[in-house]
Amino acid sequence: MKYRHVFHAGNFADVHKHVTLLALIRALSRKEKGFLLLDTHAGRGLYDLQSEGARKTAESHGGIALLEAATLEAARHDHWPPEIDDYLAIVKAIRRERSSRRVYPGSPMIALAAIRPQDRAVFIETQAEEHAALHRLLSRESGRIAAECADGYQRIRHWLPNSERRALVLIDPPYEDTTADFRAVEATACETLRRLPNAVVAIWYPIKHERDTEEWRNRLISRLPKPPDEARTPAISSDLWIHPPDSRVGLNGSGLLILNPPWQLAEQMANWLPILRELLDTERTGGATVRSLP
Ligand SMILES: C[S@@+](CC[C@H](N)C(=O)[O-])C[C@H]1O[C@@H](n2cnc3c(N)ncnc32)[C@H](O)[C@@H]1O
């Protein structure tokens, strides 16, 4: 596998995903009872934006850097979303802690900054080097935090169902072998809900061709196991594209499919997503939608 997330760290898709991840953790934290956070594709946890890889692509310039510049304009917005402030405050705090403005936190660091003592987290990463970096980063964390070097798709079977019976599962593969990852995501989402029907599952996907995305999402939803007391598993999608969704640039947009979304998440998203789009889509060729599915 050649994929290294450092080439993409802090880009528009990371911003979209991490604002959403944080809002999901906050939503699950409304209940006192702890939950398990399972990050099946965790990465190395922290990225140096001045490293050769990150400087080569400079993708963070079109992501976190735009957001930071924009906070000065927050006062101009009547409905500036607290979710964006929450995310930026965490990025800032992590940088302050490390005395470095060069770093960008991955999903594990964002999650660790937000979970509570009664919650647990498991971060799974398959590449030995990435896992070693993550392991070092978490070495001082307590036993309720684990970092495994393994196949995240498979480890679902080990961790679920969990004793808390509440879980947030983030599935964020590289899609390097696109077809295989889409298929594995489908199977993992189904297996997760078979094991824990109320699990909140957040799946990140690339938007390259609108029609393919739509087809895949519909297929996945049609295959989900039927929950015990409802006709179907509730789902919402949050799509943010910065290039026309059928253009040939490669990654046109960032999508998130949320299964069993927490109460009012769709309403909150409908507030923050257009503002994220306004900040990140500088060429005004993109768009954003939040939809209940199917
Ligand atoms: C998109 S990156 C993850 C980024 C991270 N979730 C974040 O938001 O900061 C995908 C990661 O998954 C890892 N990976 C690929 N296949 C995997 C698998 N089957 N199980 C676990 N990790 C995998 C890659 O090495 C890469 O670090």
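Estimated volume of the largest pocket: approximately 960 Å³. Y3, H5, H8, P174 and W204 are, among the 48 residues lining the largest pocket, the residues nearest its centre. Taken together, the elements giving at least two residues each to the lining of the largest pocket come down to helix 1 (12-28), strand 4 (120-125), helix 7 (152-159) and strand 7 (200-207). Among the elements that make up the lining of the largest pocket, the one with the highest residue count is helix 1 (five residues). Across the lining of the largest pocket, the residue classes tally to 19 nonpolar, 16 polar and 13 charged.

Of all residues adjacent to the ligand, which total 20 residues, the nearest are H18, S107, E125, G152 and D172. Separating an oxygen atom of the ligand from a side-chain N or O atom of H18 is a distance of 2.8 Å. D151 places a polar side-chain atom, nitrogen or oxygen, 3.0 Å from a nitrogen atom of the ligand. Here the ligand loses 96% of its free accessible area of 600 Å² to cover by the protein chains. With respect to the pocket detection grid, the ligand is positioned in the largest pocket. Counting residues per element, the ones that place at least two in the shell around the ligand are helix 1 and helix 7. Here the shell around the ligand is composed, by residue class, of six nonpolar, ten polar and four charged.

Moving on, we come to helix 10 (residues 265-280). If you check helix 10, its first and last C-alpha atoms are 21 Å apart, about what 16 residues at 1.5 Å a residue would give, namely 22 Å. The principal kink in helix 10, of about 25 degrees, is found at N271, preceding the proline P274 by one to four residues. Inspection of helix 10 places L265, M269, W272, L273, I275, L276, L279 and L280 among the buried residues, and these make up the whole buried set. Against the buried residues of helix 10 lie helix 1, helix 3 (64-70), helix 4 (82-97), strand 8 (235-241), strand 9 (253-259) and strand 10 (287-293).

What follows is about the environment of M269. Along the chain, the position of M269 falls in helix 10. Sequence separation of M269 and S238 is 31 residues, and the distance between their C-alpha atoms is 7.7 Å. Those residues in contact with M269 that lie beyond four places of it in its chain are T20, I236, S238, I258, P274 and V290.

Rules used throughout
- Residues numbered from 1 in each chain as written.
- Predicted model: local features only at pLDDT ≥ 70, side-chain atom pairs only at ≥ 80, totals over all residues.
- Heavy atoms only, no water.
- 1 Å grid on protein atoms, 1.4 Å probe; cavity = no way out; pocket = protein on both sides within 12 Å on 5 of 7 lines; lining within 4 Å.
- Points joined across faces, edges and corners; volume = space filled by probe spheres on them.
- Helix = DSSP H or I, 4+ residues; strand = E, 2+ residues; numbered from the N terminus.
- Nonpolar A, V, L, I, M, F, W, Y, C, P; charged D, E, K, R; others polar.
- Near = heavy atom within 4 Å.
- Polar contact = N/O pair within 3.5 Å; in protein donor to acceptor, adjacent residues only side chain to side chain.
- Areas by Shrake-Rupley, 256 points an atom, 1.4 Å probe, with all protein chains shown as cover.
- Sits in = over half its atoms within 2 Å of the grid points.
- Expected span 1.5 Å × (residues − 1).
- Bend = angle between axes of the 7 residues up to and from the residue.
- Buried < 20%, exposed > 50% of the residue type's maximum accessible area, 1.4 Å probe, protein only.
- Contact = heavy atoms within 4.5 Å.

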